[in-house]
Every structure is written in C-alpha cells, then in structure tokens.
Amino acid sequence: MTPYFLTRTLDRSATIFILIVAAVGIVLPLLNLLLPADSPLQVPTYLISLFGKYVCYAILALSIDLIWGYCGILSLGHGAFFALGGYAMGMYLMRQIGARGVYGNPVLPDFMVFLNYKALPWYWYGFDMFWFAALMVLVVPGLLAFAFGWLAFRSRVTGVYLSIITQAMTYALLLAFFRNDFGFGGNNGLTDFKDILGFAIQTDGTRAALFALSCLALIGAFVLCRAIVTSKLGKVLIAVRDAESRTRFLGYRVESYKLFVFTLSACMAGVAGALYVPQVGIINPGEFAPGNSIEAVIWVAVGGRGTLVGAALGAVVVNYAKTFFTSGALAPYWLFMLGALFILVTLLLPKGIIGTINAWQEGRKARDTANADSAAAEDGIIKPDLEKA
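Small disclaimer: the values here were computed from a predicted structure and weren't measured. (Residues numbered from 1 in each chain as written. Predicted model: local features only at pLDDT ≥ 70, side-chain atom pairs only at ≥ 80, totals over all residues. Heavy atoms only, no water.)

1. Side note on the overall build of the protein
Item 1. Across its full length, the protein holds 15 helices and four strands.
Item 2. Taken against the 2.2 N^0.38 rule, which gives 21 Å for 389 residues, the C-alpha radius of gyration of the protein at 24 Å falls within 12% of a compact globule.
Item 3. Along the first, second and third principal axes, the C-alpha atoms of the protein reach 90 × 60 × 50 Å.
Item 4. Every one of the 389 residues in the protein was classed for burial, and the buried ones make up 47%.
Item 5. When the accessible surface of the protein is split by element, carbon and sulfur atoms take 68% of a total near 19800 Å².
Item 6. Charged side chains in the protein number 27 positive and 21 negative. The centres of these two groups are separated by 7 Å. (Helix = DSSP H or I, 4+ residues; strand = E, 2+ residues; numbered from the N terminus. Rg over C-alpha atoms; globule rule 2.2 N^0.38 Å. Buried < 20%, exposed > 50% of the residue type's maximum accessible area, 1.4 Å probe, protein only. Areas by Shrake-Rupley, 256 points an atom, 1.4 Å probe, with all protein chains shown as cover. Lys, Arg positive; Asp, Glu negative; His and termini not counted. Charge placed at Lys NZ, Arg CZ, Asp CG, Glu CD.)

2. Side note on the nonpolar core
Item 1. Core analysis: the largest hydrophobic core is formed by 106 residues, its most contacted members being Trp124, Leu190 and Phe288.
Item 2. The element that contributes the greatest number of residues to this core is helix α3 (residues 45-71), accounting for 15 residues.
Item 3. Excluding anything up to four places from it in sequence, Trp124 contacts Met91, Met94, Arg95, Pro109, Phe111, Met112, Gly183, Phe184 and Leu190. (Core = buried A, V, L, I, M, F, W, Y, C linked by side-chain atoms within 4.5 Å. Contact = heavy atoms within 4.5 Å.)

3. Quick look at the environment of Ile201
Item 1. Here Ile201 is to be found in the loop between β3 (199-200) and α8 (204-229).
Item 2. Given the relative accessible area of 2%, Ile201 is considered buried.
Item 3. For Ile201 and Phe130, which are 71 residues apart along the polypeptide, the C-alpha to C-alpha distance reads 15 Å.
Item 4. Among all residues touching Ile201, those that are not within four sequence positions of it are Leu93, Phe193, Lys194, Asp195, Ile196, Thr206, Arg207 and Pro278.

4. Things to note about the packing of aromatic side chains
Item 1. Under the counting rule described, the total for this entry stands at 22 aromatic pairs.
Item 2. Pairing Phe17 with Phe222 gives two aromatic rings, centres 4.6 Å apart and planes at 45°, and the pair type is tilted. Separated by 205 residues along the polypeptide, Phe17 in helix α2 (residues 12-34) and Phe222 in helix α8 bring together distant segments of the chain. Across the pair, Phe222 and Phe17 agree in class, each one buried.
Item 3. Following the ring pairs from residue to residue traces out a cluster consisting of Tyr87, Trp122, Tyr123, Phe177, Phe184 and Phe288. (Phe/Tyr/Trp six-rings, centres within 6.5 Å; stacked < 30°, edge-to-face > 60°.)

5. A word on unusual backbone geometry
Item 1. Phi angles above zero are rare outside glycine, and Asn116 is one such case at about 65°.
Item 2. Phi angles above zero are rare outside glycine, and Leu308 is one such case at about 65°.
Item 3. Looking at where Leu308 falls in the secondary structure, it is placed in the loop between α12 (290-303) and α13 (309-325).
Item 4. Residue Leu308 is classed as buried on the basis of its relative accessible area of 0%.

6. Thoughts on helix α14 (residues 334-348)
Item 1. Taking 1.5 Å of rise per residue, 15 residues should cover 21 Å, and α14 covers 20 Å from first to last C-alpha, within 8% of that figure.
Item 2. Taken together, the buried positions of α14 are occupied by Trp334, Leu338 and Val345. Burial along α14 is one-sided: seen end-on, the buried residues are contained in an arc of 45°. Seen from the buried face of α14, the exposed residues on the opposite side, beyond 90 degrees, are Phe336, Leu347 and Leu348.
Item 3. Turning to α14, the residues buried within the fold contact α12 and α13. (Expected span 1.5 Å × (residues − 1). Arc of directions from axis to C-beta.)

7. A word on the state of the cysteines
The term disulfide refers to a covalent linkage connecting the sulfur atoms of a pair of cysteines.
Item 1. Summed over the entire model, instances satisfying the criterion amount to zero disulfides.
Item 2. The closest cysteine sulfur to the non-disulfide-bonded Cys71 is located on Cys225, 13 Å from its own sulfur.
Item 3. With no disulfide of its own, Cys215 has Cys56 as its nearest cysteine by sulfur position, at a separation of 9.1 Å. (Disulfide = S-S within 2.5 Å.)

8. Quick word on the environment of Tyr70
Item 1. Along the chain, the position of Tyr70 falls in helix α3.
Item 2. Owing to a relative accessible area of 9%, Tyr70 belongs among the buried residues under this scheme.
Item 3. For the pair Tyr70 and Arg241, spaced 171 residues apart in sequence, the C-alpha separation works out to 6.5 Å.
Item 4. If near-sequence neighbours (up to four positions away) are discounted, Tyr70 is found in contact with Asp65, Val229, Leu237, Ile238, Arg241, Gly306, Thr307 and Leu308.

9. So, a positive patch on the surface
Item 1. The grouping of Arg12, Arg364, Lys365 and Arg367 at the surface amounts to a positive patch.
Item 2. Among the elements that make up the positive patch, the one with the highest residue count is helix α15 (residues 352-378) (three residues).
Item 3. Here Arg12 is to be found in helix α2.
Item 4. A relative accessible area of 69% places Arg12 in the exposed class. (Patch = residues over 30% accessible without salt bridge, like charges linked within 9 Å, V, L, I, M, F, W, Y side chains within 5 Å. Salt bridge = Lys/Arg side-chain N within 4 Å of Asp/Glu carboxyl O.)

Here's what the structure looks like:
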C-alpha cells in the first residue's frame with residue numbers, strides 16, 4: 001500500500017520539490033552550526049531565521065492553494081488563521097518567561113502586571129504546557145473555520161461575496177486583538193520570548209532546529225495536500241471548482257466537501273503561524289491585517305494556482321523580493337510594485353510560474369506526439385486501433 005500511495009501521490013516534480021526542501025532543511029543548519037563565522041560558506045543565524053520565515057509563508061501559501069486552486073474557494077482571510085496559530089504559540093512562550101519578566105511575576109505576563117490584572121484570564125489556562133498549546137494551534141483556527149464555513153457554505157455564499165466575508169472576519173479579529181482589555185497584549189502583542197521546550201530561543205542551535213522543523217512541516221503539508229488532490233476526494237474538489245451545480249446535482253454534498261477542506265486549510269495555516277512566531281520573536285494584531293491575506297493570495301497567483309509547488313515557490317520568490325526592495329530607496333514603493341506584479345502575472349502569466357512551465361511542457365509533448373504520428377503516416381506506418389483490437 002505504501003509504495004502505491006507514494007507512486008500515486010508523488011510525481012517527478014513533487015519528488016524533486018521534497019528533495020530540495022529536505023536538502024535545504026539539512027544543509028543550511030549544518031552550514032550555520034559547523035562552519036566558523038569567517039568561512040565564506042557559513043550561513044549567518046539571521047539568514048536562518050529569515051529563511052525560516054519564508055518556509056512558514058510557503059506552508060500558508062499551500063493552505064490557500066488547496067482551497068483556491070483545487071476547490072475554487074478564494075479566501076481573503078487566511079491571515080486570521082495564521083495569526084491565531086501564532087497567538088496560541090505566543091501564549092505558550094509568554095508563560096515560559098515566568099519570573100524572568102520585567103516585573104518578576106511568576107504567573108502573569110508583564111503586560112498584565114502593567115494593566116493591574118489580579119489573576120490570569122481563564123483562556124490562558126493550560127498554555128504553560130506545550131502539548132496543550134500545540135493542540136490549540138490546530139483547534140482554535142479549525143473551530144473558527146468550521147463555524148464560519150458551516151454558516152457560509154450552507155447558505156451557499158460563493159464567489160466574491162465569500163471573499164469579502166472572509167476579509168471582514170479578519171478585520172473584526174484585528175480590531176478585537178488591538179484592545180488591551182482582551183488579554184492578548186493589545187497593539188504591542190506578545191514578545192520578549194525566552195525559551196521553548198527548555199531551550200533558549202535566541203541561540204544558534206534553537207534557531208537552526210526551528211528552521212529544520214519548519215522545512216519538515218512544509219514537506220508534511222505538501223505530502224498531505226498531494227495525497228488529497230490526487231485522491232477521489234481531490235477529483236470531487238476539482239469538480240466543485242469547475243461545476244459546482246453539476247456536482248451537487250450528481251448527489252454530492254458539496255457543502256460538506258467545502259467545509260472539510262476549508263477547516264483543514266485553516267489548521268495548516270495555524271501550524272504555519274505557530275512555527276513563524278518563535279523565529280520572528282513577536283506576534284501582534286498586525287498579522288490580522290487584511291492586506292496580509294491579500295498578499296498571500298498574490299503569492300499563490302504568482303507561483304501558479306492549482307500546482308502546490310508553485311504556491312510554495314511564489315511565497316518564497318515574492319517575500320525574497322519584498323526583503324530586497326524594502327531595504328533600500330524603493331521601500332516606500334513596495335506595495336505599488338506588488339500590485340504591478342500581480343497585474344503583470346494576471347495578464348502575461350495567468351497560470352503563474354509553475355503553471356506556465358507545465359503548460360509549455362504539455363504543449364511540447366503534444367507537438368512531439370503529433371510530429372511522430374505525422375512522420376509515421378508519411379512512412380506508411382498505420383497506428384494500430386487499440387479499441388478495435
């Protein structure tokens with residue numbers, strides 16, 4: 001069963017993608033930890049954290065491509081699930097500070113002491129345990145996506161209306177988390193993390209381990225998405241994307257399929273957010289900004305909607321460009337450049353980078369086949385009719 005599953009799930013491009021991610025996840029940490037600082041091949045720790053952020057964004061892009069590229073659900077609010085997963089991990093990291101905070105309170109985080117909290121809010125209970133925080137990373141975004149999807153899909157809200165509602169949900173959470181009296185740090189968010197699972201979070205070894213774990217999570221998310229889209233479930237999802245009314249007429253419960261894949265996608269985004277926070281060192285309400293969710297959709301469009309590999313590639317390419325162009329004189333114009341990039345990709349590469357490459361390869365194969373058939377016909381070779389045989 002396992003060899004057949006892998007053969008069905010992983011084609012040549014998928015295998016190459018996994019090997020590249022695995023190699024990067026192993027080689028870069030080794031170059032960071034084993035080589036001296038004056039070596040030209042040594043990878044600085046700040047680059048490890050930066051690349052780790054890119055990998056987390058790639059997981060988020062995969063989650064969006066799963067629902068948009070294969071089920072036709074354009075969500076402009078997936079940044080909310082990403083941020084919720086990040087806050088769940090941030091709450092755990094804040095509880096690990098203990099008496100090492102500025103005010104020395106062993107239970108209350110510094111911002112709660114500053115705001116004269118008398119006791120820890122009930123929804124912070126359990127976040128001193130890693131397993132509970134890891135569970136909440138999946139449960140909180142999953143429950144929100146399930147509740148939202150159950151109401152939206154059963155009401156048959158689709159298209160641009162669904163996109164607007166998801167964006168409104170994200171903005172509502174942004175406003176809620178900005179309030180200090182909600183117990184999430186207000187506009188400053190959660191920061192000043194000390195350690196994770198007993199390891200100092202600022203050390204080179206911890207940073208390298210987090211990067212390797214992020215690469216492993218990206219591989220796991222990719223394999224999961226491939227397993228879904230290459231299965232019978234994936235065929236139904238594609239049918240829902242291309243002809244929802246016909247699929248419903250054939251007897252499929254379209255709402256249930258949409259709800260399942262939307263909830264799963266939200267859990268993936270939550271995992272990406274949880275891995276993002278310890279590497280960046282902060283989580284604040286700005287992660288809920290609707291612009292972040294729109295930007296994530298652009299990653300998928302640039303890389304290639306409905307390709308998975310393209311979604312991950314688009315996240316890395318666009319964010320690398322963002323890092324490059326926002327560190328110089330062009331920084332004030334980055335948003336304009338991002339909008340221009342989206343327009344150019346839509347007009348010139350509507351299938352994205354990977355989608356265009358795939359279409360070109362398929363066209364070349366078709367031309368080669370046609371040329372071979374034409375040459376065979378000229379030589380008097382008659383192609384056998386397999387149906388009659």
